Amino acid sequence: MIQCEGLVKIYKTADLEVVALQGLDMKIEDGELMAIIGNSGSGKSTLLNMLGGLDKPSAGKLLVDGNDLLTFGEKDLVKYKRDTVGFVWQNNARNLIPYLTARENVELPMLLRGKHRRARAIELLEAVGLGHRMMNRLSELSGGEQQRVAIAIALANEPRLLLADEPTGSLDTKTSNQVLDLFRTLNRTIGITIVIVTHDPLLARKVDRVVQIRDGKTSAEMIRRVSYAEEMALLDAESARYGTESHIEYAVVDKAGRLQIPAGYLDLEGFKDSNKVRVEMEDGRIILYPPEARKTG
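Let me sum up the structure you'll find in this document. (Residues numbered from 1 in each chain as written. Predicted model: local features only at pLDDT ≥ 70, side-chain atom pairs only at ≥ 80, totals over all residues. Heavy atoms only, no water.)

**Focus on the overall build of the protein**
Then comes step 1: Summing up its helical and strand segments, the protein has seven helices and 13 strands in all.
Then comes step 2: Residue burial in the protein is summarised as follows: out of 297 residues, 44% are buried.
Then comes step 3: Looking at the protein alone, contacts between residues at least 24 apart form 63% of all its contacts between residues at least 6 apart.
Then comes step 4: Accessible surface computed for the protein: about 15,900 Å², of which carbon and sulfur atoms make up 50%. (Helix = DSSP H or I, 4+ residues; strand = E, 2+ residues; numbered from the N terminus. Buried < 20%, exposed > 50% of the residue type's maximum accessible area, 1.4 Å probe, protein only. Contact = heavy atoms within 4.5 Å. Areas by Shrake-Rupley, 256 points an atom, 1.4 Å probe, with all protein chains shown as cover.)

Right, dumping it as structure tokens:
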């Protein structure tokens with residue numbers, strides 16, 4: 001569904017350049033439910049905006065559902081944003097029109113596309129658990145209910161890709177879990193690819209793969225050991241085979257053989273005062289040594 005190769009994004013002002021992405025590589029499979037995490041300024045929201053057609057890379061390769069976004073003109077981008085991708089924002093004001101009912105909010109994207117499909121709007125609101133609230137205006141809905149309406153809006157034109165930018169950032173823990181469970185249900189039932197940008201560590205337990213971005217590059221991936229449903233069953237039986245660790249973490253090696261060492265590793269004695277390491281092959285393993293370390297034994 002998504003292929004990023006050597007993705008670079010540079011923001012320029014009169015006398016300043018900010019490099020948001022510097023050679024990012026990433027692939028996302030069709031039908032995958034995954035999360036992108038990283039500190040503020042790591043480049044994750046920049047990446048999401050480019051996947052959504054809201055911003056263009058400065059260099060590199062970006063393919064989404066077979067579309068080369070770097071070659072798109074303005075008309076192509078409008079069609080892509082209307083037909084291929086749906087967006088859910090943390091700030092509901094970007095998704096919702098306050099003086100319309102929930103049903104009218106969901107109908108609006110279809111009307112803008114030249115179609116009036118009230119049955120589709122009702123079906124979507126029922127799918128997100130709001131069939132009984134479709135005639136309510138936003139002031140009559142809770143924050144979690146508003147976010148569910150926003151998800152229904154994002155699905156109105158049957159996109160192939162759903163992007164969510166901090167969708168639980170303004171919600172309490174219980175409501176966040178409900179929204180994340182809804183993403184899992186939608187992913188499983190309609191097969192839509194879902195990419196979520198988040199700071200929420202609880203989300204790692206809800207998705208199958210987590211990609212960490214650091215300094216504008218992919219630095220690590222966490223891949224689920226067992227399916228979420230299997231894990232919940234194991235926990236209910238108090239016999240979780242893998243303890244509290246639901247994912248395995250992998251460092252990422254780019255096409256040039258460069259590796260981002262996980263944060264904290266290079267704070268160890270011998271590493272923290274140098275920008276060099278010794279790399280050696282031993283018994284089929286790649287070993288990193290501090291620059292002055294001497295092997296013993």
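**Describing the sheet that holds strand β4 (residues 59–64)**
Then comes step 1: Pairing within the open sheet is antiparallel, and its four strands lie in the order β2-β1-β4-β5. Edge positions in the sheet fall to β2 (17–28) and β5 (67–68), since each of these pairs with one other strand and no more.
Then comes step 2: With nine bridges joining them, strand β1 (residues 2–12) and β2 adopt antiparallel strand pairing. Residue pairing for β2: Ile10 is matched across the bridge by Val19.
Then comes step 3: Running at roughly 115 degrees to β1, helix α1 (residues 44–51) makes contact with β1, β2 and β4 of the sheet. (Pairing = 2+ DSSP bridges. Axes fitted to C-alpha atoms, helices over the stretch in contact; angles between N-to-C directions.)

**So, unusual backbone geometry**
Then comes step 1: Despite not being glycine, Glu158 has its phi angle at roughly 55 degrees, a positive value.
Then comes step 2: Structurally, Glu158 is set in the loop between α5 (143–154) and β7 (161–165).
Then comes step 3: Even without being a glycine, Asp215 presents a positive backbone phi close to 55 degrees.
Then comes step 4: Within the fold, Asp215 resides in the loop between β9 (209–214) and β10 (217–224).

**Description of the packing of aromatic side chains**
Then comes step 1: Here the structure, examined in full by the defined rule, presents two aromatic pairs.
Then comes step 2: The ring of Tyr11 carries Lys9 above its face, with NZ or CZ at 5.1 Å from the centroid. (Phe/Tyr/Trp six-rings, centres within 6.5 Å; stacked < 30°, edge-to-face > 60°. Lys NZ or Arg CZ within 6 Å of the ring centre and 35° of its normal.)

**Overview of the side chain of Asp83**
Then comes step 1: Here Asp83 lies in helix α2 (residues 74–83).
Then comes step 2: The residues contacting Asp83, other than those within four sequence positions of it, are Arg113, Asn157, Glu158, Pro159 and Arg160.

**Focus: the environment of Gln90**
Then comes step 1: Locating Gln90 in the fold gives a position in the loop between β6 (85–89) and α3 (102–112).
Then comes step 2: Put simply, Gln90 and Glu166 are 76 residues apart on the chain and 5.1 Å apart in space, counted from C-alpha to C-alpha.
Then comes step 3: The contacts of Gln90, once residues within four sequence positions are left out, are Gln147, Asp165, Glu166, Gly169 and Ser170.

**Focus: the nonpolar core**
Then comes step 1: One finds Val106, Leu125, Val149, Ile151, Leu162 and Phe183 to be the most contacted residues of the largest nonpolar core, which totals 38 residues.
Then comes step 2: For this core, the elements supplying multiple residues, two or more each, are β3 (33–37), α3, α4 (118–127), α5, β7, α6 (173–190) and β8 (193–197).
Then comes step 3: Residues within four places of Leu125 in sequence aside, it is in contact with Ala102, Arg103, Val106, Leu130, Gly131, Met134, Val149 and Ala152.
Then comes step 4: In terms of nonpolar packing, the next biggest core, distinct from the first, is built from 29 residues, Leu48, Val64, Leu77 and Val85 among them. (Core = buried A, V, L, I, M, F, W, Y, C linked by side-chain atoms within 4.5 Å.)

Purely geometric stuff here, so don't read any function into it on its own.
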